[in-house]
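Topology and contacts: notes
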Amino acid sequence: MSAISRREFVKNASATAAAALVLSDAMDVRANPLGLPIGCQTWPVREMIAKDFPDTIQKLARAGFQTVELCSPVGYSDSGFAGLAKYNGAELAKILSDSSVSCISSHFSIQELRDNQDSRIAWARDVGLKQMIVPSLDGPKKPTMDDVKRAADEYNKMGEKAAKAGIQQGLHNEDFELSTVDGKRTYDVLFELLDPKLVKFQFQVSTISNGYDAAEYFTKYPGRFMSMHVQGWSAKTRKILPVGQDTLDWKKIFTAAKAGGVQNYFVEMQLEMMQASVPYLRTLQVD
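Here's what I pulled together on the structure shown here. Residue positions are given per chain, counted from 1 along the sequence in the order it is written. Given that the model is predicted, a residue must reach a pLDDT of at least 70 before its local features are reported, and side-chain atom pairs must reach 80 or more before they are shown or counted; all residues, however, enter totals for whole chains, interfaces and linings. Each side-chain value is worked out from all heavy atoms of the structure, with water and hydrogens disregarded.

1. Here's the deal with the packing of aromatic side chains
Centre distance within 6.5 Å is the pairing criterion for rings of Phe, Tyr and Trp, where only the six-membered ring of Trp is used; planes under 30 degrees apart are then read as stacked, over 60 as edge-to-face, and the remainder as tilted. Evaluated as defined, the whole model comprises 22 aromatic pairs. Here F108 and W123 contribute two aromatic rings whose centre-to-centre distance is 5.9 Å and whose plane-to-plane angle is 80°, an arrangement assigned as edge-to-face. Placement of F108 in the loop between β3 (102-107) and α6 (110-127) and of W123 in helix α6 is noted, with a sequence separation of 15 residues between them. We call a residue buried when its accessible area falls under 20% of the maximum for its residue type, exposed when it is over 50%, and partly exposed in between, using a 1.4 Å probe and counting protein chains only. For F108, a relative accessible area of 0% gives the class buried. Centre to centre, the rings of F191 and F225 are 5.5 Å apart; their planes meet at 50°, and the pair counts as tilted. In this pair, F191 sits in helix α8 (residues 186-193) while F225 sits in strand β9 (residues 225-230), placing the two residues 34 residues apart along the sequence. When sorted by exposure, F191 lands in the same class as F225, which is buried. Linked through ring pairs, Y187, F191, F201, F203, Y212, Y217, F218, Y221 and F225 together constitute an aromatic cluster. Sitting over the face of the ring of W43, R46 holds its NZ or CZ atom 4.3 Å from the ring centroid. In this description a helix means any DSSP run of H or I spanning at least four residues, a strand means any run of E spanning at least two, and both kinds are numbered starting from the N terminus. Here, a charge over a ring means that NZ of Lys or CZ of Arg falls within 6 Å of the ring centre while also lying within 35 degrees of the ring normal.

2. Concerning the pairing of β3
Strands qualify as paired when DSSP identifies two bridges or more between them. Direction of pairing for strand β2 (residues 67-71) relative to β3: parallel, over a ladder of four bridges. From the neighbouring strand, T67 faces β3, where its bridge partner is S102. When the strands point away from the viewer, a crossover counts as right-handed if the path from the first strand over the helix to the second runs clockwise. In this fold, the crossover linking β2 to β3 by way of helix α5 (residues 89-98) has right-handed handedness. Looking at chain direction, β3 and strand β4 (residues 131-134) are connected through three bridges and run parallel. Its bridge partner lying in β4, H107 is registered against I133. As a crossover connection, the stretch from β3 through α6 into β4 is right-handed.

3. Section: the pairing of β2
The element β2 is largely enclosed, with a buried count of five among its five residues. Direction of pairing for strand β1 (residues 39-41) relative to β2: parallel, over a ladder of three bridges. Residue C40 lies in a different strand from β2, and its bridge partner there is V68.

Treat this as a map of the structure, not an account of what it does.
And the structure:
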């Protein structure tokens, strides 16, 4: 079974889920895993963002999310994020701060970095980002080792340019990264080829559906990660579920995440599931 990508597990979100995000402003913010703020990826609320970005951020804040990860208005212009371009960096930062929500990370397509990485770094700095993530290096589905080496070399150079601007470049794991090359997982080969100082990793927990275990990778590659996308997963039904209502050992995952170097995490599921995950994350204690 192929891994569940972002588009697969969020595209069928119900129309009523947006309303379900609106919770009481008086919701108590308690301790959460590793003392990190509870975050969410904004991809699942892209339709709301396309209509009203400030209102969407306010609703996410009321739902209990303290930090968000954006998607670039250039690389994700056809997915609801084009409207972010109407705000300058200071305006975006103010919209977020007015709702007491932080943002230091965003996704960018590899193609937009190829086209003009300098302009994308400038936008990132204006917004106040510290992390620039690409979802995939977009290599072929059945790569040769030369394909993987070329992709890694290109991204190392992008990571070097970002580092000079004070930004950490990161790699998510979708599509190309889940392929195999010469009998090995391409993902593991990339850990060998990508410079640990220039490129960190963002782990997609739902790739457990394809055999990629988060705790295993955090332990195997200590210090190589900076964030993760969080989805609950049932081994019995093989379906995405709210965090805490699934079969994953989240205490084990977050404990390993600390060793892996994870600095932030973002819940990313259908809206109702994201909301339902917050109470569990608020009470989960990890040493």
